[in-house]
Structures are given as structure tokens and as C-alpha cells.
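Notes for the structure review
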Amino acid sequence: MWNKTLAQCARVYPTGVLTLIDDAGFPFSVRCEASFDDTTETITLHELPANLAGYQSKACMLFHRHKADFSDQHELMIKGELTWEGKEAYIHPDGWLTGTGNSVDDRMPVSGSLLDRIRFMRTGRRRAGEYLQKRGGEPWPPRPWAKMLAYLEKDDKT
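Residue positions are given per chain, counted from 1 along the sequence in the order it is written. Since the coordinates come from a predicted model, pLDDT governs what is reported: local features require at least 70, and pairs of side-chain atoms require 80 or more to be given and counted, while whole-chain, interface and lining totals use all residues. As a rule here, side-chain values come from all non-hydrogen atoms in the structure, and water together with hydrogens is ignored.

**Quick notes on the pairing of strand β5 (residues 74–85)**
Rules: The pairing criterion is simple: DSSP has to find at least two bridges between the two strands. Numbered from the N terminus, helices here are DSSP runs of H or I no shorter than four residues, and strands are runs of E no shorter than two.
Bridge count for strand β4 (residues 57–65) against β5 is nine bridges, and the pairing is antiparallel. Among the inter-strand pairings, Leu62 is bridged to a residue of β5, identified as Met77. As paired strands, β5 and strand β6 (residues 88–98) are joined by 10 bridges and run antiparallel to one another. Note that in β6 the partner of Lys79 across the bridge is Gly95. Connecting the antiparallel pair β5 and β6 is a turn made up of two residues, with Gly86 showing a positive phi of about 65°.

**Quick notes on the pattern of salt bridges**
Note the cut-off: Each reported salt bridge corresponds to a side-chain nitrogen of Lys or Arg within 4 Å of a carboxyl oxygen of Asp or Glu. Each residue's exposure class comes from its accessible area (1.4 Å probe, protein chains only) as a fraction of the maximum for that residue type: buried when under 20%, exposed when over 50%, partly exposed otherwise.
A complete count under the given rule lists two salt bridges for this structure. Between Arg11 and Asp38 there is a salt bridge, and its shortest N-O distance comes to 3.2 Å. On the criterion of sequence distance, the pair formed by Arg11 in the loop between α1 (4–10) and β1 (16–21) and Asp38 in the loop between β2 (27–37) and β3 (42–46) is long-range, its members being 27 residues apart. Under the relative-accessibility criterion, Arg11 is labelled partly exposed at 31%. When its relative accessible area of 26% is taken as the criterion, Asp38 is described as partly exposed. The closest approach of N and O atoms between Glu130 and Arg126, which form a salt bridge, is 3.1 Å. With a gap of four residues between them, Glu130 and Arg126 both fall in helix α2 (residues 114–134), about one helical turn apart. By relative accessible area, which is 39% here, Glu130 ends up partly exposed. By relative accessible area, Arg126 is classed as partly exposed at 45%.

**With respect to the sheet that holds β3**
Using the following cut-off: Lines fitted to C-alpha atoms define the axes here, with helix axes fitted over just the stretch in contact, and angles between the N-to-C directions of these axes take values from 0 to 180 degrees.
Read around the closed barrel, six strands run β1-β2-β3-β6-β5-β4, paired in antiparallel fashion. Here the strands of the sheet are splayed against their neighbours by 45° on average, with no regard to which way each runs.

**Structural notes on the nonpolar core**
Threshold: Take the buried Ala, Val, Leu, Ile, Met, Phe, Trp, Tyr and Cys residues and link them wherever side-chain atoms come within 4.5 Å; each set so joined is a nonpolar core. Note on definitions: a residue-residue contact is assigned when non-hydrogen atoms from the two residues lie within 4.5 Å.
Counting residues in hydrophobic clusters, the biggest one holds 26 residues, and the most contacted among them are Leu18, Phe36, Leu45, Leu48, Phe63, Leu76 and Ile78. Among the elements of the structure, α1, β1, β2, β3, β4, β5 and β6 are those that each provide at least two residues to this core. In this structure, Leu76 is in contact with Leu6, Ala10, Tyr13, Met61, Leu62, Phe63, Trp96, Leu97, Thr98 and Asp106, ignoring residues within four places of it in sequence.

**Describing the layout of surface pockets**
We apply this condition: Only protein atoms enter the 1 Å grid, on which a cavity is a set of points fitting a 1.4 Å probe that cannot get out and a pocket is an open set with protein on both sides within 12 Å along at least 5 of 7 lines, lining residues being those with an atom within 4 Å of a point. Grid points are joined across faces, edges and corners, and a volume is the space filled by probe spheres set on the points. Note that Gly is not counted as nonpolar here; it falls among the polar residues with everything else outside the nonpolar set of Ala, Val, Leu, Ile, Met, Phe, Trp, Tyr, Cys and Pro and the charged set of Asp, Glu, Lys and Arg.
The volume enclosed by the largest pocket comes to roughly 190 Å³. Along the walls of the largest pocket sit Gly99, Thr100, Arg107, Pro109, Asp116, Arg119, Phe120, Thr123, Gly124 and Arg127, which together make up its complete lining. Residues of the lining of the largest pocket, tallied by class, amount to two nonpolar, four polar and four charged.

If you want it as C-alpha cells, here you go:
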């Protein structure tokens, strides 16, 4: 599934983080450059480590950027399969996801006006309430902080 509008947004990013699944089922990530082809609906990956040559896996590319003061935030993730044709690596997208679920823009609402930020906070609060309702109104389970801290302080020799 190709999204020309979000592909255009992704072209702004100089690099992204490619995450793959290793043979044991664990994720690992590498930073790389990507180019987008609207005609073939593929993403070509550039400058991958040599040990990934021929590696095939489920894949996702995460793109994120903002200004030095953390304003003007943008976020986009593309899911798909990593495949190879000769020495070229490609992702064939099967999903596009922005931080807001928007299918036409990767701008985060905290990057907009004060009204955009207020809407974002209200939406988050409402969605959190909906989530808790689905859980029967139960709060998050308590964390065993004392046990976790004791583990961290435990002598490695015992």
C-alpha cells in the first residue's frame, strides 16, 4: 500500500531508523538513508551494513525530526518487508503510521498553535479515559519499586 502524500513527507528526512527482526525474533536497528519511488511504490535503502546483505525480514522505518528547541515536531513510521534484488535493498510498504494517525501529514499537534496543543492534551486525556473504561476502570497495576531497586543494588557475585 503506497501513500504518495506521506512518501512526500518522508523525502524531507535525511535518514531514518530501520528496524528488523533477527533470527531469534528480537528487533535490531540501524540508521540509513532511503529514497522513495512513487512509480514502483518501493523504498530503496542506502548504506546498510555489509552483514545485512541478502537479509530478509519484516521491517519498519522510523523518521523523526524537530528543531533544536523541540518545536516543529514530525514523526512517521513505514512498515513492510525488507527484500533484496541483487545488491539493492528495498522495503515494500504495507502500512504508514504517523504520530497522530493522520494519513496526510506527519506534523505532531504539539508543534502547532496553542489551540493545537490544548486539543492534543484533551484528546490524550479522553483516550486515556476510554482505555481505562475498557479495563473496567482499573488503574495501572502497582509497580514493585522496592523489589526492582533491591535487584539493581544486588551484588553481582551472589
